[in-house]
Amino acid sequence: MSKVKRKRRIKRGYPVALLVGFEDDHAVLWQVFSHVVKLSLRLELDGKRTDERVLYNFHESVVDALKPVLKEGIRSIVVAAPVRTTYAADFLVHVRKHHRYLIQSKSPNRANFAELVGSADNPIKVAELVKTKEFTKLIAETTSEEADHIINVLEKHLYSTGDNTVVLYSLKEIEDIVYDRGKRNELGTAHLLLTDQYLADSKSKNRIHRLLQISKNKKVKTRIVNAETPAGNRISQFGGIVFFTIPAKQGFD
(Lines give C-alpha, C1' and ligand atoms only; values in the text may rest on other atoms or scores of the structure.)
Protein backbone atom coordinates (compact mmCIF):
# COMPACT_ATOMS: atom_id res chain seq x y z
CA MET A 1 0.00 0.00 0.00
CA SER A 2 1.54 3.25 -1.10
CA LYS A 3 1.91 6.09 1.35
CA VAL A 4 0.03 9.27 0.67
CA LYS A 5 2.46 12.15 0.44
CA ARG A 6 1.59 15.03 2.69
CA LYS A 7 1.54 18.34 0.94
CA ARG A 8 4.44 20.39 2.25
CA ARG A 9 3.26 23.64 3.73
CA ILE A 10 5.04 26.63 2.29
CA LYS A 11 6.39 28.95 4.95
CA ARG A 12 4.89 32.38 4.36
CA GLY A 13 6.71 34.36 7.01
CA TYR A 14 5.62 37.80 8.14
CA PRO A 15 4.23 40.72 6.06
CA VAL A 16 6.86 43.04 4.63
CA ALA A 17 5.34 45.22 1.91
CA LEU A 18 2.86 45.57 -0.93
CA LEU A 19 3.77 45.26 -4.60
CA VAL A 20 1.51 46.90 -7.18
CA GLY A 21 2.12 45.93 -10.78
CA PHE A 22 0.61 48.21 -13.41
CA GLU A 23 -0.07 46.97 -16.92
CA ASP A 24 -1.78 48.57 -19.91
CA ASP A 25 -5.33 47.63 -18.91
CA HIS A 26 -5.11 46.40 -15.31
CA ALA A 27 -3.18 46.39 -12.04
CA VAL A 28 -2.20 43.45 -9.86
CA LEU A 29 -1.68 43.74 -6.11
CA TRP A 30 0.69 41.35 -4.33
CA GLN A 31 1.43 40.92 -0.64
CA VAL A 32 5.14 40.55 -0.01
CA PHE A 33 5.99 38.33 2.95
CA SER A 34 9.44 37.51 4.28
CA HIS A 35 9.46 34.17 2.45
CA VAL A 36 6.88 34.37 -0.33
CA VAL A 37 4.83 36.77 -2.44
CA LYS A 38 1.08 36.11 -2.65
CA LEU A 39 -1.50 37.42 -5.11
CA SER A 40 -3.95 39.75 -3.41
CA LEU A 41 -6.16 41.34 -6.07
CA ARG A 42 -6.47 42.19 -9.77
CA LEU A 43 -8.13 45.45 -10.82
CA GLU A 44 -9.28 46.13 -14.37
CA LEU A 45 -9.07 49.45 -16.21
CA ASP A 46 -12.64 50.10 -17.34
CA GLY A 47 -11.94 52.02 -20.54
CA LYS A 48 -8.97 53.71 -22.18
CA ARG A 49 -6.00 55.29 -20.43
CA THR A 50 -6.42 58.39 -22.60
CA ASP A 51 -9.76 59.09 -20.86
CA GLU A 52 -8.86 61.18 -17.80
CA ARG A 53 -12.00 60.22 -15.88
CA VAL A 54 -11.43 56.50 -16.54
CA LEU A 55 -7.79 56.75 -15.42
CA TYR A 56 -8.76 58.75 -12.33
CA ASN A 57 -11.34 56.13 -11.29
CA PHE A 58 -8.82 53.35 -11.94
CA HIS A 59 -6.19 54.96 -9.74
CA GLU A 60 -8.80 55.58 -7.04
CA SER A 61 -9.73 51.88 -7.12
CA VAL A 62 -6.08 50.99 -6.51
CA VAL A 63 -5.86 53.39 -3.55
CA ASP A 64 -9.10 51.94 -2.15
CA ALA A 65 -7.63 48.44 -2.47
CA LEU A 66 -4.50 49.51 -0.60
CA LYS A 67 -6.33 51.05 2.36
CA PRO A 68 -7.35 47.82 4.18
CA VAL A 69 -3.75 46.58 4.20
CA LEU A 70 -2.41 50.00 5.15
CA LYS A 71 -4.76 50.01 8.14
CA GLU A 72 -3.22 46.73 9.28
CA GLY A 73 0.14 48.48 9.53
CA ILE A 74 1.87 47.58 6.26
CA ARG A 75 2.96 50.90 4.79
CA SER A 76 5.76 50.03 2.38
CA ILE A 77 4.53 49.99 -1.22
CA VAL A 78 6.56 49.18 -4.32
CA VAL A 79 4.92 50.32 -7.56
CA ALA A 80 6.13 48.56 -10.72
CA ALA A 81 5.44 48.89 -14.44
CA PRO A 82 7.06 47.53 -17.62
CA VAL A 83 9.96 49.36 -19.21
CA ARG A 84 9.13 52.31 -21.47
CA THR A 85 5.79 52.95 -19.75
CA THR A 86 4.68 55.70 -17.37
CA TYR A 87 1.97 53.66 -15.60
CA ALA A 88 3.72 53.60 -12.23
CA ALA A 89 4.73 57.26 -12.43
CA ASP A 90 1.17 58.24 -13.41
CA PHE A 91 -0.19 56.50 -10.31
CA LEU A 92 2.31 58.21 -8.02
CA VAL A 93 1.37 61.58 -9.52
CA HIS A 94 -2.26 60.74 -8.71
CA VAL A 95 -1.33 59.92 -5.10
CA ARG A 96 0.64 63.15 -4.68
CA LYS A 97 -2.24 65.17 -6.14
CA HIS A 98 -5.26 63.54 -4.49
CA HIS A 99 -3.91 61.71 -1.42
CA ARG A 100 -1.16 63.92 -0.03
CA TYR A 101 -1.68 62.54 3.47
CA LEU A 102 -0.10 59.30 2.21
CA ILE A 103 3.20 60.98 1.36
CA GLN A 104 3.54 63.90 3.78
CA SER A 105 6.59 63.28 5.95
CA LYS A 106 4.92 64.30 9.21
CA SER A 107 1.59 62.64 8.58
CA PRO A 108 0.80 59.70 10.92
CA ASN A 109 -0.95 58.10 7.92
CA ARG A 110 2.10 58.24 5.68
CA ALA A 111 3.04 55.34 3.43
CA ASN A 112 6.43 54.80 1.81
CA PHE A 113 6.23 54.47 -1.96
CA ALA A 114 9.01 53.30 -4.25
CA GLU A 115 9.00 52.94 -8.03
CA LEU A 116 10.52 50.00 -9.90
CA VAL A 117 10.85 49.17 -13.59
CA GLY A 118 9.57 45.67 -14.34
CA SER A 119 6.42 43.66 -14.85
CA ALA A 120 4.55 42.18 -11.88
CA ASP A 121 1.72 40.77 -13.98
CA ASN A 122 1.91 37.09 -13.01
CA PRO A 123 3.67 34.77 -10.52
CA ILE A 124 6.54 33.97 -12.89
CA LYS A 125 7.33 37.62 -13.58
CA VAL A 126 6.96 38.50 -9.90
CA ALA A 127 9.34 35.69 -8.93
CA GLU A 128 11.92 37.15 -11.31
CA LEU A 129 11.31 40.69 -10.10
CA VAL A 130 11.71 40.00 -6.37
CA LYS A 131 15.08 38.33 -6.99
CA THR A 132 16.60 41.48 -8.49
CA LYS A 133 19.01 43.62 -6.50
CA GLU A 134 16.85 46.65 -7.28
CA PHE A 135 13.78 45.12 -5.63
CA THR A 136 15.73 43.93 -2.58
CA LYS A 137 17.26 47.39 -2.16
CA LEU A 138 13.90 49.16 -2.51
CA ILE A 139 12.24 46.87 0.03
CA ALA A 140 15.09 47.44 2.49
CA GLU A 141 14.90 51.22 2.05
CA THR A 142 11.11 51.58 2.21
CA THR A 143 10.62 49.23 5.16
CA SER A 144 13.47 50.94 7.02
CA GLU A 145 11.87 54.36 6.44
CA GLU A 146 8.51 52.98 7.55
CA ALA A 147 9.99 51.52 10.75
CA ASP A 148 11.85 54.76 11.50
CA HIS A 149 8.59 56.69 11.18
CA ILE A 150 6.79 54.37 13.62
CA ILE A 151 9.68 54.59 16.08
CA ASN A 152 9.52 58.38 15.87
CA VAL A 153 5.84 58.16 16.81
CA LEU A 154 6.76 55.91 19.74
CA GLU A 155 9.52 58.25 20.91
CA LYS A 156 7.14 61.20 20.78
CA HIS A 157 4.72 59.47 23.15
CA LEU A 158 7.23 57.49 25.21
CA TYR A 159 7.36 59.95 28.08
CA SER A 160 3.97 61.55 27.55
CA THR A 161 1.62 61.88 30.48
CA GLY A 162 -2.06 62.56 30.65
CA ASP A 163 -2.88 61.57 27.06
CA ASN A 164 -3.82 57.89 27.60
CA THR A 165 -0.53 56.71 26.11
CA VAL A 166 0.44 53.14 27.08
CA VAL A 167 3.91 51.64 26.50
CA LEU A 168 4.66 48.01 27.44
CA TYR A 169 7.79 45.87 26.98
CA SER A 170 6.81 42.67 28.79
CA LEU A 171 5.36 39.84 26.68
CA LYS A 172 2.97 38.88 29.49
CA GLU A 173 1.70 42.45 29.92
CA ILE A 174 1.31 42.82 26.15
CA GLU A 175 -0.68 39.58 25.96
CA ASP A 176 -2.93 40.74 28.79
CA ILE A 177 -3.79 44.04 27.16
CA VAL A 178 -4.18 42.62 23.62
CA TYR A 179 -6.36 39.70 24.65
CA ASP A 180 -8.54 42.09 26.64
CA ARG A 181 -8.58 44.72 23.90
CA GLY A 182 -12.28 44.30 23.18
CA LYS A 183 -12.92 45.97 26.51
CA ARG A 184 -10.17 48.57 26.16
CA ASN A 185 -10.64 50.28 22.80
CA GLU A 186 -10.66 53.58 24.64
CA LEU A 187 -6.87 53.31 24.61
CA GLY A 188 -6.80 54.49 21.01
CA THR A 189 -4.59 53.26 18.18
CA ALA A 190 -2.39 50.34 19.22
CA HIS A 191 0.92 49.21 17.75
CA LEU A 192 2.93 46.05 18.35
CA LEU A 193 6.55 46.08 17.20
CA LEU A 194 9.12 43.31 17.45
CA THR A 195 12.37 42.48 15.74
CA ASP A 196 12.93 39.51 13.46
CA GLN A 197 15.77 38.49 15.78
CA TYR A 198 13.44 38.43 18.78
CA LEU A 199 11.07 36.16 16.89
CA ALA A 200 13.87 33.91 15.64
CA ASP A 201 15.50 33.52 19.06
CA SER A 202 12.32 33.15 21.11
CA LYS A 203 11.64 29.85 22.84
CA SER A 204 7.92 30.70 22.76
CA LYS A 205 7.35 31.04 19.01
CA ASN A 206 3.84 29.57 19.15
CA ARG A 207 2.96 32.02 21.88
CA ILE A 208 4.25 34.96 19.84
CA HIS A 209 2.54 33.83 16.63
CA ARG A 210 -0.72 33.56 18.57
CA LEU A 211 -0.19 37.08 19.88
CA LEU A 212 0.45 38.36 16.35
CA GLN A 213 -2.68 36.68 14.98
CA ILE A 214 -4.94 37.93 17.77
CA SER A 215 -3.40 41.40 17.48
CA LYS A 216 -4.31 41.45 13.81
CA ASN A 217 -7.85 40.27 14.57
CA LYS A 218 -8.22 43.03 17.16
CA LYS A 219 -6.96 45.77 14.82
CA VAL A 220 -3.58 46.21 16.50
CA LYS A 221 -1.05 47.42 13.93
CA THR A 222 1.78 44.89 14.00
CA ARG A 223 5.23 45.16 12.43
CA ILE A 224 8.25 42.85 12.47
CA VAL A 225 11.36 44.96 12.01
CA ASN A 226 14.84 44.03 10.85
CA ALA A 227 16.98 44.00 14.00
CA GLU A 228 19.98 45.40 12.11
CA THR A 229 18.22 48.66 11.18
CA PRO A 230 18.25 51.74 13.43
CA ALA A 231 14.58 51.13 14.25
CA GLY A 232 15.31 47.48 15.02
CA ASN A 233 18.17 48.49 17.26
CA ARG A 234 15.87 50.81 19.19
CA ILE A 235 13.28 48.05 19.64
CA SER A 236 16.05 45.72 20.81
CA GLN A 237 16.78 48.24 23.58
CA PHE A 238 13.26 47.51 24.84
CA GLY A 239 14.05 43.80 24.83
CA GLY A 240 13.03 43.11 21.24
CA ILE A 241 9.30 43.76 21.61
CA VAL A 242 7.24 46.83 22.44
CA PHE A 243 3.53 47.60 22.50
CA PHE A 244 2.25 51.15 22.59
CA THR A 245 -0.96 53.06 22.13
CA ILE A 246 -1.59 56.66 21.16
CA PRO A 247 -4.79 58.70 21.27
CA ALA A 248 -7.13 57.69 18.44
CA LYS A 249 -7.18 61.18 16.95
CA GLN A 250 -3.40 60.95 16.40
CA GLY A 251 -3.30 57.38 15.11
CA PHE A 252 -3.17 55.89 11.64
CA ASP A 253 -6.50 55.96 9.83
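These numbers come from a predicted model, not from an experiment. (Residues numbered from 1 in each chain as written. Predicted model: local features only at pLDDT ≥ 70, side-chain atom pairs only at ≥ 80, totals over all residues. Heavy atoms only, no water.)

### Concerning the layout of surface pockets
Basically, it comes down to this: Here a cavity denotes a set of grid points, spaced 1 Å apart and computed over the protein atoms alone, in which a 1.4 Å probe fits but from which it cannot get out, and a pocket denotes an open set meeting protein on both sides within 12 Å along at least five of seven lines; residues with an atom within 4 Å of a point are reported as lining. Grid points are joined across faces, edges and corners, and a volume is the space filled by probe spheres set on the points. Secondary structure follows DSSP: runs of H or I at least 4 residues long count as helices, runs of E at least 2 residues long count as strands, and numbering of each begins at the N terminus. Polar here means any residue other than Ala, Val, Leu, Ile, Met, Phe, Trp, Tyr, Cys and Pro, which are nonpolar, and Asp, Glu, Lys and Arg, which are charged; Gly is therefore polar.
Approximately 910 Å³ is the volume attributed to the largest pocket. For the largest pocket, the lining is made up of 25 residues, of which Arg12, Gly13, Tyr14, Pro15 and His209 are closest to its centre. Breaking the lining of the largest pocket down by element, the ones donating at least two residues are β2 (26–33), α6 (196–201), α7 (205–217) and β8 (221–225). For the lining of the largest pocket, the element with the highest residue contribution is α7, accounting for five residues. Here the residues of the lining of the largest pocket are counted per class, giving 10 nonpolar, seven polar and eight charged. In this structure, the second largest pocket encloses a volume near 270 Å³.

### Concerning the sheet that holds strand β5 (residues 112–117)
To keep it simple, the criterion reads: At least two DSSP bridges between two strands are required for those strands to pair. Angles shown run from 0 to 180 degrees and are taken between the N-to-C directions of axes, each axis being a line fitted to C-alpha atoms and, for helices, limited to the stretch in contact. Residue contacts are defined here by distance: any two heavy atoms, one from each residue, within 4.5 Å place the two residues in contact.
The strand order β3-β2-β1-β4-β5 describes an open sheet built from five strands, whose pairing is mixed. What marks the edges here is a single partner per strand, and that holds for β3 (37–44) and β5. The average undirected angle you get between the axes of adjacent strands in this sheet is 20°. Direction of pairing for β2 relative to β3: antiparallel, over a ladder of seven bridges. If you follow valine 28 over to β3, its bridge partner there is arginine 42. Contacts between helix α1 (residues 52–72) and the sheet are confined to β1 (15–22), β2, β3 and β4 (76–81), with β1 contributing the most and set at about 170° to the helix.

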